Amino acid sequence: MSFVARRFGSAGLIPLPSDPNEVASATCDGARCPAPTASGVSLRSPVVLVVGVEDAVARACKATAIEADVGFVRAPQAVAACRAIRDARPTVVALGPSLWRDERHAIAEAARSVGACVVEIPPTAPTEWIALELVGAAMTALAATG
């Protein structure tokens, strides 16, 4: 399943029937179509965006996110992160220790504008711990929003 399908789900759309002679039902039961959010978009899984982390940390986060059915996006710098925040609408934005103060502020402001939780990654934290904490924070943040 693609990132877009997991992120946006069915968005309240009713699938077309495979047989053209069959009439599509205009009803949507709760088991097939999740309830939309305030923006009208149904969310299937949370998304974690990491910025300014080492390759090993990013690989561990991605592997843990895939296992937990959580979307994962990595941005190499602040400008790309702000664009990715606007496009991906992440649940959690993790800031690596290599970012400058101004970059941290710009990314945090963009993240808060879409309702994302901002997490700062400690420079000496173990890689596996970071991955588990970020995925856990994304799942908790999504559960808290409804």
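Residues numbered from 1 in each chain as written. Predicted model: local features only at pLDDT ≥ 70, side-chain atom pairs only at ≥ 80, totals over all residues. Heavy atoms only, no water.

Q: Just checking my understanding: could you explain the overall build of the protein chain for this structure?
A: Looking only at helices and strands, one finds 5 helices and 4 strands in the protein chain. Mapped in sequence order, the helices and strands of the protein chain form the string α-β-α-β-α-β-α-β-α. Among the 146 residues that make up the protein chain, the fraction classed as buried is 34%. For the protein chain, the exposed area adds up to about 8,900 Å²; of that, 57% sits on carbon and sulfur atoms. (Helix = DSSP H or I, 4+ residues; strand = E, 2+ residues; numbered from the N terminus. Buried < 20%, exposed > 50% of the residue type's maximum accessible area, 1.4 Å probe, protein only. Areas by Shrake-Rupley, 256 points an atom, 1.4 Å probe, with all protein chains shown as cover.)

Q: Sorry, what's going on with the sheet that holds strand 1 (residues 47-51) here?
A: Strands pair in a sheet through their backbones, by hydrogen bonds, and they do so in one of two ways: parallel or antiparallel. Across the sheet, 4 strands lie side by side as 2-1-3-4; this open sheet has parallel pairing. Strands at the two margins of the open sheet, each flanked by one partner only, are strand 2 (71-75) and strand 4 (117-120). For this sheet, the mean angle separating the axes of adjacent strands, direction not counted, is 20 degrees. Pairing geometry for strand 1 and strand 3 (residues 92-95), over 4 bridges, is parallel. (Pairing = 2+ DSSP bridges. Axes fitted to C-alpha atoms, helices over the stretch in contact; angles between N-to-C directions.)

Q: Teacher, can you tell me more about the pattern of salt bridges here?
A: For side chains of opposite charge, pairing can occur when their charged atoms come near one another. Under the definition given, this model contains 3 salt bridges. The shortest N-O distance in the salt bridge between D55 and R74 comes to 2.9 Å. Taken together, the positions of D55 in helix 2 (residues 55-67) and R74 in strand 2 put the pair 19 residues apart, joining distant regions of the chain. Note that D87 and R86 form a salt bridge whose closest N and O atoms lie 3.5 Å from each other. Given the relative accessible area of 52%, D87 is considered exposed. (Salt bridge = Lys/Arg side-chain N within 4 Å of Asp/Glu carboxyl O.)

Q: Where do I start with unusual backbone geometry in this structure?
A: Across residues other than glycine, the phi torsion is negative in most instances, and most of the peptide bonds are trans. With a phi angle near 55 degrees, D69 is a residue other than glycine that sits in the positive phi range. Structurally, D69 can be placed in the loop between helix 2 and strand 2. Not every positive phi belongs to a glycine, and R89 is a case in point at roughly 50 degrees. Accessibility expressed as a relative area gives 41% for R89, which makes it partly exposed.

Q: Help me understand the packing of helix 3 (residues 78-88) against helix 4 (residues 101-113) in this model?
A: Between two packed helices, the angle of one axis relative to the other and the distance separating the axes together describe the packing. Taken N-terminus to C-terminus, the directions of helix 3 and helix 4 make an angle of 5 degrees; their axes are 9 Å apart at the nearest point. When the axes of helix 3 and helix 4 are compared, the pair comes out roughly parallel. In contact with A78, A81, C82 and I85 of helix 3, helix 4 contributes E103, A106, I107, A110 and A111. (Parallel < 35°, antiparallel > 145°, perpendicular 65-115°, else oblique. Contact = heavy atoms within 4.5 Å.)

Q: What is the right way to read the pairing of strand 3 from this model?
A: A regular strand carries its side chains on alternate faces of the sheet. Burial along strand 3 is two-sided: V92 and A94 facing one way and V93 and L95 facing the other are all buried. In this sheet, strand 4 lies alongside strand 3 in parallel orientation, the contact comprising 4 bridges. Of the residues in strand 4, the one forming a bridge with L95 is E120. Running through helix 4, the crossover from strand 3 to the neighbouring parallel element strand 4 is right-handed. (Right-handed = clockwise from strand over helix to strand, strands pointing away.)

Read these as spatial facts, not as claims about activity.
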